[in-house]
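Spelled out, the chains give:
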Protein chains: 2
Amino acid sequence: MKAAVLREVGKPLQIEDVAIGKPAAHEVLIRTAAAGVCHSDLHFVEGSYPYPLPAVLGHESAGVVEAVGSEVRTVKPGDHVITCLSAFCGHCKHCVTGHMNRCESGEVRRGESEEPRLTQAAAPLNQFLNLSSFAEQMLIHEHACVAIRPDMPLDRAALIGCSVMTGVGAVFHTSNVRPGDTVAVIGCGGVGLAAINGAQIAGASRIIAIDMAKGKENLAKHFGATDFVCASETDPVAAVIEMTKGGVEHSFEAVGLKATSEQAFLMLARGGTANIIGMVPVTQKIELPAYMFLGEKRIQGSLMGSNHFPVDMPRLVDFYLAGKLRLDDMISRRIRLEQVNEAFAEMKTGGVARSVIMFDA
Amino acid sequence: MKAAVLREVGKPLQIEDVAIGKPAAHEVLIRTAAAGVCHSDLHFVEGSYPYPLPAVLGHESAGVVEAVGSEVRTVKPGDHVITCLSAFCGHCKHCVTGHMNRCESGEVRRGESEEPRLTQAAAPLNQFLNLSSFAEQMLIHEHACVAIRPDMPLDRAALIGCSVMTGVGAVFHTSNVRPGDTVAVIGCGGVGLAAINGAQIAGASRIIAIDMAKGKENLAKHFGATDFVCASETDPVAAVIEMTKGGVEHSFEAVGLKATSEQAFLMLARGGTANIIGMVPVTQKIELPAYMFLGEKRIQGSLMGSNHFPVDMPRLVDFYLAGKLRLDDMISRRIRLEQVNEAFAEMKTGGVARSVIMFDA
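Computed from a predicted structure; not experimentally measured.

### What to know about the overall build of chain A
Check the secondary structure of chain A and you find ten helices and 20 strands. The globule rule puts the C-alpha radius of gyration for 361 residues at 21 Å, and the 20 Å found for chain A is close to it. Reported as C-alpha extents along the three principal axes, the dimensions of chain A are approximately 60 × 40 × 40 Å. Counting every position in chain A, which comprises 361 residues, the buried fraction comes to 58%. Counting 33 positive and 39 negative side-chain charges, chain A places the centres of these two groups 4 Å from one another.

Have a look at this one:
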């Protein structure tokens, strides 16, 4: 099969022929239908987060089950599925206490058999985040995908697999936004727009979108923002505090920078919660004025939207089909696998909401 | 009446004659029985936090009601009361949503009448944190005290008024420690020991006490610690991570330093919560490695133990009288008002758990 391989940090992905294994007992072979190109992929391409190479990238996808291992019970051939990097074992401390997204169990992630899942002339290739979606097929654990209703378009379903779950889940689960709460979202890329949309679904009274690009205002408002602050023209902390007479109850950092993480904390009301969704480069530290904690403020990380994806993702599909979750407008461009490096280049300009790679059905 | 006045940052308190007003409609006049000398008082003496001067310090006390204003309904003359600096209005956003400790309503704090509560030859003196407990009498809002059962000794009751509520409340309310959870407490002064004791009452499975002074080990274990780490001999972060195979679910910073605040975050397990209880000097910033937030870690402030003191303090009195809350061993010395500066000097040596000023009945 064809796959996009990262061989060296900073270099373009290469489209190569890659061999894929057969499902072990709990594994599932999936024909990839669509894969979103996510900013997190770019972090690894650029080396701001490390990963063992060579690897097949991609981690936001949907497809159709082709074959399953002997013990698989949750999906069957022909099922439409969304994949999720939050592969979970189902029996560790995190899994049994409602935090399956925090599962660190190696058994699910490395594969059950001795055979590598991906190879090239018998040499193993690293699978990226349990998935490797930039490929025509995926071999994954059954706990890394969930079946969805067949009337859901798979290109839009793919987005639910990472960016949408991450943004909406941070609002629903990590920060527990309640009807009437006030919200600020820093960054109007895929994850930020999903957080804005999630805040609207959750009934937030005020949803302040913040971005450096003035041109994002209409897009943000289309997704549910009630207000927009252009951070290249106005200090967003001062603006949010003035607009809300003292700060917001929830803020979401969906950029992945030190400065915006600090802003998320500084724009909180007493008792407010800042949520770090973005991936801040691994070497950086977030600096917070100590005295501000006296206002019972909180800053916390959100890992994949604190998801319980087998429950959450089918619900998000329903939200889309009911017209509440705006996935159509999140896809700015549909491309071929061979164009993946173009998508990364466009991402750096900040203009694109999301490119989705379409595979042959 | 006699009161201890701070006239200038860095100078000793002076024992002076001070006049006190009469209760306005919702105010209560209290005969002070006992007042703890708290490290927070020292912060203001040393100027690491600002306060308008001259002021009568002290904010951890118990006493007997002498007179009440015409509208007071919650206490009556003769009642034994514990005071609390968390004076609350009872009708703002914070008060009506279960967070009365965050109330910022000026109406309760500045007094209802045009007359200042404390004066000296007609010149107003500032009341400290709505209380000014280093004085033979206090004139406060009825929402700054709660009646307790008369069989409770007032010197031990005084401790509940600040340090014990702060430490126990951070465990019960701010971090919501559950039976079987793992806990680390940095600093074994009054607040830290109260947090340790609170964790024991809450059923924590592992309570790791940390202090620079090796001599605190027996004291910490007496209050409920299961383990002790001497931070002057061992890196407490590495020690806690090793002892718990990956970090604790809850950590509490009860020192008030940048370094220990950072340690509290670094010693967390995935999904863990660090609580800043101590007052870190107002100019300092806490620096946190950004990537660690990906483990859904959280750091938050605790203001007076997220108390609902009218409910909490009578319960803490019951815990003491049932032998669960160890207040007797928290008082290391009983002194006269005139010795208050000695108490501050001893506090700086780190040897004393708590000095309590006793007033004539």
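### With respect to the packing of helix α1 (residues 39-46) of chain A against helix α10 (residues 340-349) of chain A
All names here are of chain A. For the pair α1 and α10, the least separation of the axes is 10 Å and the interaxial angle reads 100°. In terms of orientation, α1 lies roughly perpendicular with respect to α10. Where α1 approaches α10, its residues His39, Asp41, Leu42, Val45 and Glu46 are matched on the opposing element by Phe344, Met347 and Lys348. Of the residues belonging to the contact of α1 with α10, the class tally is four nonpolar, one polar and three charged.

### Quick look at the environment of Asp41 of chain A
Residues and elements named next belong to chain A. With respect to the helices and strands, the residue Asp41 is situated in helix α1. The spatial distance from the C-alpha of Asp41 to the C-alpha of Phe344 is 8.7 Å, given a sequence separation of 303 residues. Not counting the four nearest positions on each side in its chain, Asp41 is found in contact with Gly36, Leu57, Gly58, His59, Phe128, Phe134 and Phe344.

### A short note on the pattern of salt bridges
Taken as a whole and judged by the stated rule, the model has 48 salt bridges over all chains. In this structure, Arg31 of chain A engages Glu66 of chain A in a salt bridge whose closest nitrogen and oxygen atoms are separated by 2.8 Å. Placement of Arg31 of chain A in strand β4 (residues 27-37) and of Glu66 of chain A in strand β6 (residues 61-68) is noted, with a sequence separation of 35 residues between them. The class for Glu66 of chain A is partly exposed, based on a relative accessible area of 34%. The partner of Glu342 of chain B in a salt bridge is Arg333 of chain B, with the nearest N and O atoms 3.1 Å apart. The exposure class of Glu342 of chain B is partly exposed, given its relative accessible area of 37%. Among the charged side chains, a salt-bridge network with shared partners connects Asp155, Arg156, Asp328 and Arg334 of chain A.

Conventions and cut-offs
- Numbering of residues starts from 1 in every chain and runs along the sequence as written.
- Chain letters and ligand numbers both follow the written order, the letters beginning at A and the numbers at 1.
- Predicted model: local features are reported for residues with pLDDT of at least 70 only, side-chain atom pairs are reported and counted for 80 or more only, and whole-chain, interface and lining totals are derived from all residues.
- By convention in this description, side-chain values take in all heavy atoms of the structure and omit both hydrogens and water.
- Where helices and strands are cited, they refer to DSSP runs of H or I of at least four residues and of E of at least two residues respectively, numbered from the N terminus.
- The atom set for the radius of gyration is the C-alpha atoms, and the globule formula is 2.2 Å times the number of residues raised to the power 0.38.
- Only protein chains enter the accessibility calculation, which uses a 1.4 Å probe; a residue is then buried when its area is under 20% of its type maximum, exposed when over 50%, and partly exposed in between.
- Positive charge is attributed to Lys and Arg, negative charge to Asp and Glu, and no charge count is given to His or to the chain ends.
- By convention, the charge on Lys lies at NZ, on Arg at CZ, on Asp at CG and on Glu at CD.
- Think of each axis as a best-fit line through the C-alpha atoms, taken over the contacting stretch in the case of a helix, with angles from 0 to 180 degrees between the N-to-C directions.
- For this classification, under 35 degrees means roughly parallel, over 145 means roughly antiparallel, 65 to 115 means roughly perpendicular, and everything else is oblique.
- Note on contacts: a residue pair is in contact if any heavy atoms of the two residues lie within 4.5 Å.
- Throughout this entry, Asp, Glu, Lys and Arg are counted as charged residues, while Ala, Val, Leu, Ile, Met, Phe, Trp, Tyr, Cys and Pro are counted as nonpolar. The remaining residues, Gly among them, count as polar.
- A carboxyl oxygen of Asp or Glu within 4 Å of a side-chain nitrogen of Lys or Arg is what we treat as a salt bridge.

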